[in-house]
Amino acid sequence: MASHESTYRPTSAFAKWLDARLPILRMMHAQFVDFPTPRNINYLWTTGGLLTFFLVTQIATGIVLAMHYAPTAADAFNSVEHIRRDVNYGWLLRNMHAVGASMFFLAVYIHIGRGLYYGSYKAPREVLWIIGVVIFLLMMATAFMGYSLPWGQMSFWAVTVITNLFSSLDSIIPGLGTRIVQWLWGGYSVSGTTLTRFFSLHYLLPFVIVGLVGLHIWALHVAGQNNPTGLEIKTASDSVPMSPHAVAKDIFALSVFVLLFAWFVFYLPDYLGHADNYIEANPLSTPPHIVPEWYFLPYYAILRAIPNKLLGVIAMFSSILLLLFIPWLDTSRVRSTKYRPVYKWFFWMFVISVIALGYLGSKPPEGSYVLWARLFTAYYFLHFLVVMPIVGVTENPTPLPRSITESVLGKSGHAVGVGAPAAPERR
Amino acid sequence: MQREADLASHTAEEPNRRDFIVVAAQAFAGVGAALALWPFISQMNPDASTQALASIEVDLSPVREGQAITVSWRGKPVFVRHRTSEEVKTAVDTRLSDLVDPLARNDAKPEKTPATDANRTVKGKENWLVMVGICTHLGCIPKGQSLSDSRGDFGGWFCPCHGSHYDTSGRIRKGPAPRNLEVPPYEFVSDSKIKIG
């Protein structure tokens, strides 16, 4: 981890005894109390804390919901209703878990968008970024399997459609895709067998995510945090200790975000879901218009935009796997888009494309919706494969400040600006 | 000193008995680990009770011309449509060159059979079309079984999930689905009764 002088001094006899045997408190102090944090990070840097909060919330509510849930085709639907109506505070726990998933994705999209805008994937943070993409993929798998558990019509047909994605492999090796799909299902169609194994994996994967989050933070603390200028911490005045500066900011942002969370939990618990999911799963009837949860809509639009089954599936998966390669696709000399006058426009085009794809994913695959979905899908891929490599070379970045301190205090380097924080003592 | 240097250069050039034992032991452990993993993977495949092939009999006498019924076979919906003579004629008159998937996809016929209407029905019973009612794109159930449903641009079935259009012979004509709807193995046990499976 990044080397800095820790101010940890064990005071009590027990802390001294433990420090000589397992210096865990020393490590926590070095990583989360006096860890040097760039003094200029903005509120977008609070999303990591938010995500940790929601991961813990999902695990805590999930563990107690599993005490009342029955993962069988006959009982699953009714056991969720039982949780909502009969179990003490079951309504609250279920709402927190269901809405929490949406909040988790909202926070992760802001987190990823921040990384893309400020070039947080660029050297030396490639491994940090790649671990993040893997966490994102696992989050999607976990959310997808969790959505199957209420065993409503949307649950059932979402599982059918998404697992069938693998049957597209039939067009490469005949029979391979079908075998994989039947292996996933444990039968010739989605059934209670499928539900039970999804429940098992839905319980497992969050703990895998916890482990990867540990690695993510480790990699982060080796390279140090990025910041809006994209410059590294060079002198003591470029940084402040994580506690209380960044921690206070995290707590304030979390409080605001939790207000939004609570608003949905208490007033609109079903708003982000779909009415058809309150009809029990029926393998003989597909709802007239099936859509995934809002956080999967852009990928769903990409899938449907391409009129060939295998290519549609490949496009959908590569739209996320492409993220793994952007540390090398981005050829720019500067990290932060703040200093990239040309790329800035392309970045916002990309954001608009993703939001537009999300809208189009919620619409039926007919008429002009298909055409627009194709246009935005094309830009999604062009952005990474063409714009990133070319604009990085051709554009002239605007002058960078010489240091993080200069970007905050101006060229004089003295703490004179209104609201400028004083440089911390001892640094 | 000389001997040690000799030994070092010797081991760098030629593998000795110990290297062989190490590699063999590692290979053995690797194969053993892979074999031990197999039950954990294979347990997810369809189990014996699921595999037990069920066959069902369906009475066709109540189904009037123009009507269709859906029955469940191996957990999958099977479409049985009593086609009108115009529907049969449209299906028969369709040229093979207009089809997306040129193969019949009839479990009772060889794999390379062309997708003519005759190859997807039983001779003398062309007005009956029996198919697994699962869209070959991503597994939704296409619309078109009830009279009020949208039947798509080709008068057969329309999958609402991703917009695949099937014709009156259940062949894919437009949209993302790659294959014609599958015809399950079935036979007429009497004039108005079929056995599927």
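Keep in mind the model is a prediction, meaning the values are calculated, not measured.

A.B. asks: Please clarify how the overall build of chain A should be interpreted in this entry.
C.D. replies: For chain A, the helix and strand inventory stands at 16 helices and 2 strands. Against the globule reference of 22 Å for 427 residues, chain A gives a C-alpha radius of gyration of 24 Å, in line with a compact fold. Of the contacts formed within chain A by residues at least 6 apart in sequence, a portion of 79% connects residues at least 24 apart. Taken as a whole, chain A presents about 20,000 Å² of accessible surface, with 71% of it coming from carbon and sulfur.

A.B. asks: How should I be thinking about the state of the cysteines in this particular structure?
C.D. replies: Residue and element names in this part refer to chain B. Applying the stated rule across the entire model yields 1 disulfide over all chains. What pairs with C140 in a disulfide is C161, and their sulfur atoms sit 2.1 Å apart. Where C140 bonds to C161 through sulfur, the torsion about that S-S bond is close to -100°, and the disulfide is left-handed. In this pair, C140 is assigned in the loop between β4 (128-132) and β5 (155-159) and C161 in the loop between β5 and β6 (164-167), connecting sequence segments 21 residues apart. We note that C159 lacks a disulfide partner, and the nearest cysteine sulfur, in C135, lies 3.8 Å from it. What makes C159 buried here is its relative accessible area of 2%.

A.B. asks: What am I meant to see in the interface of chain B and chain A here?
C.D. replies: In many analyses, interface size is given as the accessible surface area lost on bringing the parts together. The interface is formed by 29 residues belonging to chain B together with 32 residues belonging to chain A. Contact between chain B and chain A buries roughly 2,500 Å² in total, counting both sides, with carbon and sulfur atoms accounting for 60%. On the chain B side of the interface with chain A, the three residues burying the most area are M44, L138 and H162 of chain B, jointly 26% of the side's total. Here chain B and chain A share 0 salt bridges between them. Across the chain B-chain A interface, the total number found is 7 residue pairs in polar contact (both at pLDDT 80 or more). For the side of chain B that touches chain A, the per-class residue count stands at 12 nonpolar, 12 polar and 5 charged.

A.B. asks: Help me understand the packing of helix α11 (residues 297-305) of chain A against helix α12 (residues 309-321) of chain A in this model?
C.D. replies: Helix-helix packing is characterised by the crossing angle of the two axes and by the distance between the axes. Residue and element names in this part refer to chain A. Where α11 contacts α12, the two axes come as close as 7 Å, and the packing angle between them is 145°. The element α11 and its partner α12 pack so that their crossing is right-handed. Each of Y299, I302 and L303 in α11 lies in contact with α12, whose residues at this interface are G312, V313, A315, M316, S319 and I320. For the contact of α11 with α12, the per-class residue count stands at 7 nonpolar, 2 polar and no charged.

A.B. asks: Help me out: how do you make sense of the pattern of salt bridges in this one?
C.D. replies: All chains considered together, the criterion is met by 21 salt bridges over all chains. The closest approach of N and O atoms between D101 of chain B and R105 of chain B, which form a salt bridge, is 2.8 Å. Classification of R105 of chain B by relative accessible area gives partly exposed; the value is 28%. Among the charged side chains, a salt-bridge network with shared partners connects K122, D330, R340 and E395 of chain A.

A.B. asks: Is there a simple way to explain the sheet that holds strand β2 (residues 68-73) of chain B in this structure?
C.D. replies: By way of backbone hydrogen bonds, the strands of a sheet pair with one another, either parallel or antiparallel. Residue and element names in this part refer to chain B. Strand order in this open sheet of 3 strands is β2-β3-β4, and the pairing throughout is antiparallel. Of all the strands in the sheet, the pair left with one neighbour each is β2 and β4. Here the strands of the sheet are splayed against their neighbours by 20° on average, with no regard to which way each runs. For strand β3 (residues 76-82) and β4, the ladder comprises 5 bridges, and the chain directions are antiparallel. If you follow F79 over to β4, its bridge partner there is M131.

A.B. asks: Would you mind showing me how to read the packing of aromatic side chains here?
C.D. replies: Each aromatic ring pair is characterised by the separation of its centres together with the angle its planes make. Enumeration according to the criterion identifies 35 aromatic pairs over all chains in this entry. Relative to F207 of chain A, the ring of Y203 of chain A lies with its centre 6.2 Å away and its plane at 15°, an arrangement referred to as stacked. In this pair, Y203 of chain A and F207 of chain A are both assigned in helix α9 (residues 192-223), 4 residues apart and thus about one turn of the helix distant. For Y203 of chain A, a relative accessible area of 34% corresponds to the partly exposed category. One aromatic cluster in this structure is built from F105, Y109, F136, W294, Y295 and F296 of chain A. Over the face of the ring belonging to Y188 of chain A we find R74 of chain B, whose NZ or CZ atom lies 4.2 Å from the ring centre.

A.B. asks: What is the right way to look at the environment of S191 of chain A in this model?
C.D. replies: Residues and elements named next belong to chain A. Within the secondary structure, S191 is located in the loop between α8 (176-185) and α9. A relative accessible area of 22% places S191 in the partly exposed class. Residues S191 and L321, 130 residues apart in the sequence, show an inter-C-alpha distance of 30 Å.

A.B. asks: I'm lost on α11 of chain A in this one. Help?
C.D. replies: All names here are of chain A. Counting buried positions over the 9 residues of α11 gives 9, a clear majority of the element. Among the residues of α11, those classed as buried are L297, P298, Y299, Y300, A301, I302, L303, R304 and A305. Contacts made by the buried residues of α11 are with α5 (90-117), α6 (126-148), α12, α14 (343-361) and α15 (367-394).

A.B. asks: Looking at this structure, I do not really get the environment of A101 of chain A. What am I missing?
C.D. replies: All names here are of chain A. Inspection of the secondary structure puts A101 in helix α5. Note: C-alpha distance between A101 and L55 (46 residues apart in sequence) is 9.0 Å. Beyond its immediate stretch of four places on either side in the chain, A101 contacts Q58 and Y295.

A.B. asks: Would you mind showing me how to read the sheet that holds strand β9 (residues 193-196) of chain B here?
C.D. replies: Residues and elements named next belong to chain B. Pairing in this open sheet of 3 strands is antiparallel, and the strands run β1-β9-β8 from one edge to the other. Here the strands that pair on one side only, and so sit at the sheet edges, are β1 (56-59) and β8 (186-190). On average, each strand axis in the sheet is tilted by 30° relative to the strand beside it, whichever way the strands run. Both β8 and β9 contribute to a ladder of 4 bridges, which runs antiparallel. By the bridge assignment, F188 is partnered in β9 with I194.

A.B. asks: It is not clear to me how the side chain of S353 of chain A should be interpreted in this structure. Could you clarify?
C.D. replies: Residue and element names in this part refer to chain A. Examined against the element boundaries, S353 turns out to sit in helix α14. Overall, S353 belongs to the buried group, its relative accessible area being 2%. Aside from chain neighbours lying at most four places away, what touches S353 is F376 and Y379.

A.B. asks: Which parts of the structure should I look at to understand the pairing of β5 of chain B?
C.D. replies: Working note: regular strand, side chains alternate between the two faces of the sheet. All names here are of chain B. Counted residue by residue, β5 has 4 buried out of 5 residues, so it is predominantly covered. Two strands pair when backbone bridges link them, and β5 and β6 are joined in this way by 4 bridges, in the antiparallel orientation. Its bridge partner being in β6, G155 is matched across the sheet by D167. Linking β5 back to β6 in an antiparallel pair, the connection comprises 4 residues, with G163 at a positive phi of about 75°.

What counts and what doesn't
- Residues numbered from 1 in each chain as written.
- Chains lettered and ligands numbered in written order.
- Predicted model: local features only at pLDDT ≥ 70, side-chain atom pairs only at ≥ 80, totals over all residues.
- Heavy atoms only, no water.
- Helix = DSSP H or I, 4+ residues; strand = E, 2+ residues; numbered from the N terminus.
- Rg over C-alpha atoms; globule rule 2.2 N^0.38 Å.
- Contact = heavy atoms within 4.5 Å.
- Areas by Shrake-Rupley, 256 points an atom, 1.4 Å probe, with all protein chains shown as cover.
- Disulfide = S-S within 2.5 Å.
- Buried < 20%, exposed > 50% of the residue type's maximum accessible area, 1.4 Å probe, protein only.
- Buried area = accessible area lost by both parts, 1.4 Å probe.
- Salt bridge = Lys/Arg side-chain N within 4 Å of Asp/Glu carboxyl O.
- Polar contact = N/O pair within 3.5 Å; in protein donor to acceptor, adjacent residues only side chain to side chain.
- Nonpolar A, V, L, I, M, F, W, Y, C, P; charged D, E, K, R; others polar.
- Axes fitted to C-alpha atoms, helices over the stretch in contact; angles between N-to-C directions.
- Left-handed = near helix turned anticlockwise from the far one by under 90°.
- Pairing = 2+ DSSP bridges.
- Phe/Tyr/Trp six-rings, centres within 6.5 Å; stacked < 30°, edge-to-face > 60°.
- Lys NZ or Arg CZ within 6 Å of the ring centre and 35° of its normal.

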